[in-house]
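Reading the structure
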2 protein chains.
Amino acid sequence: MNDVSSDLYPAIRLDRAREAVRAAGLGALLLTPGPDLRYVTGYDAVPLERLTCLVVPAAGEPFLVVPRLEVAAAEHSPAGRLGVEFLAWDETDDPYGLVARRIPGLAAVGVADRMWAMQSLRLRAAMPGVEQVLAGTVLGELRIRKSAPEVAALREAGAAIDAVHRQVPGFLKAGRTEREVGRDIAEAILAAGHATVDFVIVASGPNGASPHHELSDRVVRPGDPIVVDIGGTMPSGYCSDSTRTYAVGEPPADFLASYEVLRRAQEAACRAVRPGTTCEAVDAAARQVIADAGFGEYFIHRTGHGIGLETHEDPYIVAGNTRRLEPGMAFSVEPGVYLSGRHGARIEDIVVCTESGGERLNNRPRDLVVVDA
Amino acid sequence: MNDVSSDLYPAIRLDRAREAVRAAGLGALLLTPGPDLRYVTGYDAVPLERLTCLVVPAAGEPFLVVPRLEVAAAEHSPAGRLGVEFLAWDETDDPYGLVARRIPGLAAVGVADRMWAMQSLRLRAAMPGVEQVLAGTVLGELRIRKSAPEVAALREAGAAIDAVHRQVPGFLKAGRTEREVGRDIAEAILAAGHATVDFVIVASGPNGASPHHELSDRVVRPGDPIVVDIGGTMPSGYCSDSTRTYAVGEPPADFLASYEVLRRAQEAACRAVRPGTTCEAVDAAARQVIADAGFGEYFIHRTGHGIGLETHEDPYIVAGNTRRLEPGMAFSVEPGVYLSGRHGARIEDIVVCTESGGERLNNRPRDLVVVDA
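Residues numbered from 1 in each chain as written. Chains lettered and ligands numbered in written order. Predicted model: local features only at pLDDT ≥ 70, side-chain atom pairs only at ≥ 80, totals over all residues. Heavy atoms only, no water.

To continue, consider the overall build of chain A. Looking only at helices and strands, chain A has 10 helices and 17 strands in total. Computed over its C-alpha atoms, the radius of gyration of chain A comes to 23 Å, within 12% of the 21 Å expected for a compact globule of 373 residues. Counting only C-alpha atoms and orienting by the principal axes, one finds that chain A spans roughly 70 × 40 × 35 Å. Evaluated residue by residue, chain A yields a buried proportion of 62% over its 373 residues. Counting every atom, chain A has about 13000 Å² of accessible surface; 51% of that belongs to carbon and sulfur. Of the side chains in chain A, 38 bear a positive and 50 a negative charge, and the two mean positions are spaced by 2 Å. (Helix = DSSP H or I, 4+ residues; strand = E, 2+ residues; numbered from the N terminus. Rg over C-alpha atoms; globule rule 2.2 N^0.38 Å. Buried < 20%, exposed > 50% of the residue type's maximum accessible area, 1.4 Å probe, protein only. Areas by Shrake-Rupley, 256 points an atom, 1.4 Å probe, with all protein chains shown as cover. Lys, Arg positive; Asp, Glu negative; His and termini not counted. Charge placed at Lys NZ, Arg CZ, Asp CG, Glu CD.)

Take helix H10 (residues 279–292) of chain A next. Residues and elements named next belong to chain A. End to end, H10 covers 20 Å across 14 residues, agreeing with the expected 20 Å (1.5 Å per residue, within 8%). Within the sequence span of H10, burial applies to Cys-279, Val-282, Asp-283, Ala-285, Ala-286, Val-289 and Ile-290. Of the surrounding secondary structure, the elements contacted by the buried residues of H10 are helix H9 (253–272), strand E11 (313–317) and strand E13 (336–339). Of the residues flanking the end of H10, it is Gly-294, one or two places downstream, whose phi is positive at about 90°. (Expected span 1.5 Å × (residues − 1). Contact = heavy atoms within 4.5 Å.)

Below, the discussion takes up unusual backbone geometry. Omega for the bond connecting Asp-314 of chain A with Pro-315 of chain A falls within 30 degrees of zero, at 0°, which places this linkage in the cis form. Looking at the secondary structure, you find Pro-315 of chain A in strand E11.

For the rest of this paragraph, the subject is the interface of chain B and chain A. Taken residue by residue, the interface counts 49 residues in chain B and 49 residues in chain A. Carbon and sulfur atoms supply 57% of the area that chain B and chain A bury against each other, a total of about 4300 Å² over both sides. Counting every contact that joins chain B to chain A gives 2 salt bridges. With its nearest N and O atoms 2.5 Å apart, the salt bridge here joins Arg-302 of chain B to Glu-49 of chain A. Run the count over chain B and chain A and you get 16 residue pairs in polar contact (both at pLDDT 80 or more). (Buried area = accessible area lost by both parts, 1.4 Å probe. Salt bridge = Lys/Arg side-chain N within 4 Å of Asp/Glu carboxyl O. Polar contact = N/O pair within 3.5 Å; in protein donor to acceptor, adjacent residues only side chain to side chain.)

This brings us to the sheet that holds strand E3 (residues 63–67) of chain A. Residue and element names in this part refer to chain A. Taken in spatial order, the 6 strands make up an open sheet running E4-E3-E2-E1-E5-E6, and their pairing is mixed. What marks the edges here is a single partner per strand, and that holds for strand E4 (85–89) and strand E6 (131–134). This sheet shows a mean twist of 25° between the axes of neighbouring strands, independent of strand direction. In the sheet, strand E2 (residues 53–57) pairs with E3 via 3 bridges, with the strands oriented antiparallel. Residue pairing for E3: Cys-53 is matched across the bridge by Val-65. Packing of helix H6 (residues 136–143) onto the sheet brings it into contact with strand E1 (28–31) and E6, and relative to E6 it is tilted by some 20°. (Pairing = 2+ DSSP bridges. Axes fitted to C-alpha atoms, helices over the stretch in contact; angles between N-to-C directions.)

Here you go:
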């Protein structure tokens, strides 16, 4: 997955990261494989126990500490055209000492937000007294505003997961288990162009009341509402995430009433998206509709999460987040109503803030899709 | 993927973990989603930004800090039958403070080896002065020896990936790209019963010389050797990982000569597996055959890695590792020969140490498979 466009991962991003390190007063950024490293370099390295670490010092040149057997992959990745020195290490070398010796005397470093403890604690041991802070404190402000090519990549991801939702009614049938349906969906996620399947939630009947239920051997029954929340990562590195709620045969009347409230709430939150609006105001727009209808206590999670190289990243659409939206911010709008022991429903689109409002990147119909039992 | 056998994840493991915490002189283990948490509880929680953390104190009862919207999933997982208290937190609560307040006054805690820095640094801030060490220092000795049900789960994973390798010759054809072949393989990995596709390496021609090359748009040509290294995770949580080398049409004569050396080296290392033998001796058994044939400098990585709930875990089969094998230890034996700019080859089986020797969990033929161009 290393053949990515230089528009999506421009070389200038490394310079911007260096400027941000200096501005933050840190001595260096230490980026192990994961979204922070991919954002800065385009290098889609696999997180493994052997240390791969891009060091971006405030003073001096960036370098990549890399296991010798990963050198070819790193060279062929977009990181190979950044002019960064590669420090290859062999199987019996100590890569943590290698990092420490090259950047002596620092007071504080930023470590990738997803760096494993296995690595952050070994770096700490190799660099005693050096404070570790999250790289996100530096990179977050860069990553939160998507460039036009990044928005295009998210749009492509949105179209791919929409293509899967288009097929879901054909997978749903009374008598099949959630797991059987989930297997079909996983294959469709790959067939639609994703590089990986990140999650497949098929929550039928009472399982729908658990927002993060995944798959079980429960058999779908006539009248079941079914929450289908699915996503994957595209070869570009950008993620998809969309939820639709289906019903196999005619669902209970009380479910239909709550679903209609949910549909209005999701619509209201999407319409609230525009530059200058706070994240918590978007959350409140959905929550108000649901509360007014008397279902407030059944909407038990935030309205959404940012999305990009991670399925969940800033900005979070949640009470208390007073951050104001800006063009290029992309996030989910996914209110839900969960009635414990009975059923649940959720509708989720990815929305990107534009100059004048919000653009939805998922466009499947939002009315309840009733499939023949 | 929460319906797992109580043989595979016995409830007694939590007690054993507590004993190990006390024996290590730690105040508590803090386990976020990942293989350490799954090993101790069977709970296959998704790693996300919201804190889920099992706390196993040396003194007092274990408890699970869990986002409210994950409570149902946690209750339905094997963790739900452990009698562990659940501390649910709401979207605007501080879960790090929640952990810290319940276990005051500790000197040191063990954190999951794969805990994200996002969480380990926030725990550090919430528990200032408390030393963090790796949970692996405590759990590693439990995880490294697989129980009979764990070996059975690895055997099932091995059979599943063997079933994929059986289909690979049908996917390989001159004129197809590595990526096209990789897509077919990914679908076959799921169809063979894996819950997830973890990696798909299709390294054709010169790409085979990069051990961790993944997929590219290179078109397979007649005469190409092709390294196919693939693996996934089964619904049990246990991983598969197997490599075979193929050729599309007749490969170069020098390739055939090096392949035959490799085959003998892999065989020698597998035969070296028995209780009491050191990890480095198994590595040396493969390396000696390759060095004797004059290819020593082209075998640029260790011979193998342990496997279980992680694709790479202890024990590592590498020079310098004087650990002695014991029944139940499971690991890959995967020597390779890499000729930069030309081609590469690797043969990989998972081997489990038994009372009397080693059992291979991958059983596809190891001779070069030549497919019609």
